[in-house]
Amino acid sequence: MGRWLVLGGTRFLSRAVAAEALARGHEVVCVARGESGPVPDGASLVVADRDAPGALDALRGERFDAVVDVATMSLPWVRDALDALATTAGHWTFVSTLNVYADPATPGQGVDAPLLEPREAGDLADGPDAYGAVKVASEQAVRAGHPRSLVVRAGLICGPGDLSDRFGYWPARFARGGRALVPDVRDQPVQLVDVRDLAAWIVACGEEGRTGVFDGSGPRSTLGAVLDEIAAAVGAPDLVLVPLAPAALEAAGVAPWSGPRSLPLWLPDTHTGIAARDTAPAAAAGLRCRPIADTVRASLEHERSLGVGRERKAGLTPAEEAALLPPAP
Ligand SMILES: NC(=O)c1ccc[n+]([C@@H]2O[C@H](COP(=O)([O-])OP(=O)(O)OC[C@H]3O[C@@H](n4cnc5c(N)ncnc54)[C@H](OP(=O)(O)O)[C@@H]3O)[C@@H](O)[C@H]2O)c1
């Protein structure tokens, strides 16, 4: 069995990667501040703040069979990690995003599609292009800095541990039953990946020494089909989906995708291509996606553990939704 280093490991994807590597018998070391939560049982935590100079010096030169870095939006973090560990790591995975692509509108594109111009620095608050552009620069650093690197451009990651409140909005909302407002865009593309499936694939790729660049997301579907699957999995007997046209939602100040007063998974026309990528290469390389019903059950459990009445980062409040619903026929 191997020795794995997970840069992260205290929440969501990186924690799922650490848990998966442990389950497959590897020794797992995680690096984080420890602020987001504990590492999975059996992993060890090296406490470090990657914003501090020389943050990874304690690990410099240590041998790892595989390193997984989820640095969200920091080229210095990526460079520092490579500087400390690239020569002694057997394989290097960098988790990137589908936001790296220059054209987020056209469906069916693959990993060779043009990318945004790389940027050295940016802030998540600067929007998806800034995020994507820093990821482009980070990908380039990894590809140049390690001879056996894998770049996984993740799509919308959902399932247990998701703190973005996006996918989870729908299972939580549908479980309340009654008349639920949905965007009237049934044919809009949607593409999702369960965090556990993505983590399992990342670990399998590390074990195999797989290299290259992949769009890491599930099969193409539509918003109508996904919402129907969520509704069926939740099974609230009195649930009725009430579609409202995008123009009416926009006029009422409802945002697509994320944030307060939003309807998650709904995409502006300018960005629907990001949910219609060609993910056949990832599937051929072993990414297996579970049925959405399974993700829904785990997401609902997670939502309930967080408290379904909490102030959400994404979605409509019950009062906002009630004010927007057309009168019942
Ligand atoms: N969520 C999505 O739908 C989505 C979609 C596409 C791509 N992605 C990508 O997927 C990855 C998600 O990673 P994730 O789920 O593990 O979540 P994350 O929110 O990126 O957290 C990753 C880890 O970073 C650690 N961390 C944060 N600040 C740190 C610091 N200053 N020093 C050291 N460690 C620090 C956190 O631990 P502590 O707080 O304990 O330090 C945590 O363990 C990212 O690369 C993201 O860009 C996500």
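See the structure above.
Just so we're clear, the structure is a prediction, and the values are computed from it rather than from any experiment.

(A) Just the overall build of the protein, in detail. Per the secondary structure count, the protein includes ten helices and 15 strands. Taking 329 residues into account, the globule formula puts the C-alpha radius of gyration at 20 Å, and the protein, at 20 Å, falls close to it. In terms of principal-axis extent, the alpha carbons of the protein reach across some 70 × 40 × 35 Å. Sorting the 329 residues of the protein into buried and exposed places 52% on the buried side. As displayed, the protein offers around 13900 Å² of accessible surface, 54% of which is attributable to carbon and sulfur atoms. Of the side chains in the protein, 31 bear a positive and 41 a negative charge, and the two mean positions are spaced by 3 Å.

(B) Looking closely at the site of the ligand. Taken together, 29 residues sit near the ligand, with Thr10, Ser14, Ser36, Val70 and Tyr131 positioned nearest. Within the contact set of the ligand, an oxygen atom lies 2.5 Å away from a side-chain nitrogen or oxygen of serine 36. Within the backbone of arginine 50, a nitrogen or oxygen atom sits 2.8 Å from a nitrogen atom of the ligand. For the shell around the ligand, the secondary structure elements donating two or more residues are α1 (12–23), β5 (92–97), α3 (128–145) and β7 (156–158). Of the residues belonging to the shell around the ligand, the class tally is eleven nonpolar, ten polar and eight charged.

(C) Fine view of the nonpolar core. In terms of nonpolar packing, the biggest core is built from 33 residues, with Trp170, Phe174, Leu192, Ile230 and Leu263 touching the most fellow members. By residue number, the principal contributor to this core is helix α6 (residues 223–234), which donates six residues. Both domain 1 (3–158 + 192–216) and domain 2 (169–191 + 220–272 + 290–323) contribute no fewer than three residues apiece to this core. In contact with isoleucine 230, other than residues within four places in its own chain, are Phe167, Trp170, Pro171, Phe174, Ile292 and Val296. Counting residues in hydrophobic clusters, the runner-up holds 32 residues, among them Val6, Leu13, Val68 and Ala154.

(D) How the structure looks around the sheet that holds strand β3 (residues 44–47). Taken in spatial order, the seven strands line up as β3-β2-β1-β4-β5-β6-β11 in an open sheet, and their pairing is parallel. In the strand order of this sheet, the two ends are held by β3 and β11 (212–216), each with one partner. With strand direction ignored, the average angle separating the axes of adjacent strands in the sheet is 20°. Here helix α2 (residues 75–85) sits on the sheet in contact with β1 (3–7), β4 (66–69) and β5, set at roughly 175° to β5.

(E) Structural detail: the packing of α2 against α3. Put simply, α2 and α3 touch, their axes get as near as 9 Å, and they point 10° apart. Between α2 and α3, the interaxial angle falls into the category roughly parallel. In this structure, α2 uses Leu75, Val78 and Leu82 to contact α3, whose residues at the interface are Val134, Ala137, Ser138, Ala141, Val142 and Gly145. Taken together, the residues of the contact of α2 with α3 sort by class into seven nonpolar, two polar and no charged.

Calculation rules
Residues numbered from 1 in each chain as written. Predicted model: local features only at pLDDT ≥ 70, side-chain atom pairs only at ≥ 80, totals over all residues. Heavy atoms only, no water. Helix = DSSP H or I, 4+ residues; strand = E, 2+ residues; numbered from the N terminus. Rg over C-alpha atoms; globule rule 2.2 N^0.38 Å. Buried < 20%, exposed > 50% of the residue type's maximum accessible area, 1.4 Å probe, protein only. Areas by Shrake-Rupley, 256 points an atom, 1.4 Å probe, with all protein chains shown as cover. Lys, Arg positive; Asp, Glu negative; His and termini not counted. Charge placed at Lys NZ, Arg CZ, Asp CG, Glu CD. Near = heavy atom within 4 Å. Polar contact = N/O pair within 3.5 Å; in protein donor to acceptor, adjacent residues only side chain to side chain. Nonpolar A, V, L, I, M, F, W, Y, C, P; charged D, E, K, R; others polar. Core = buried A, V, L, I, M, F, W, Y, C linked by side-chain atoms within 4.5 Å. Domains from an automatic or database assignment. Contact = heavy atoms within 4.5 Å. Pairing = 2+ DSSP bridges. Axes fitted to C-alpha atoms, helices over the stretch in contact; angles between N-to-C directions. Parallel < 35°, antiparallel > 145°, perpendicular 65-115°, else oblique.

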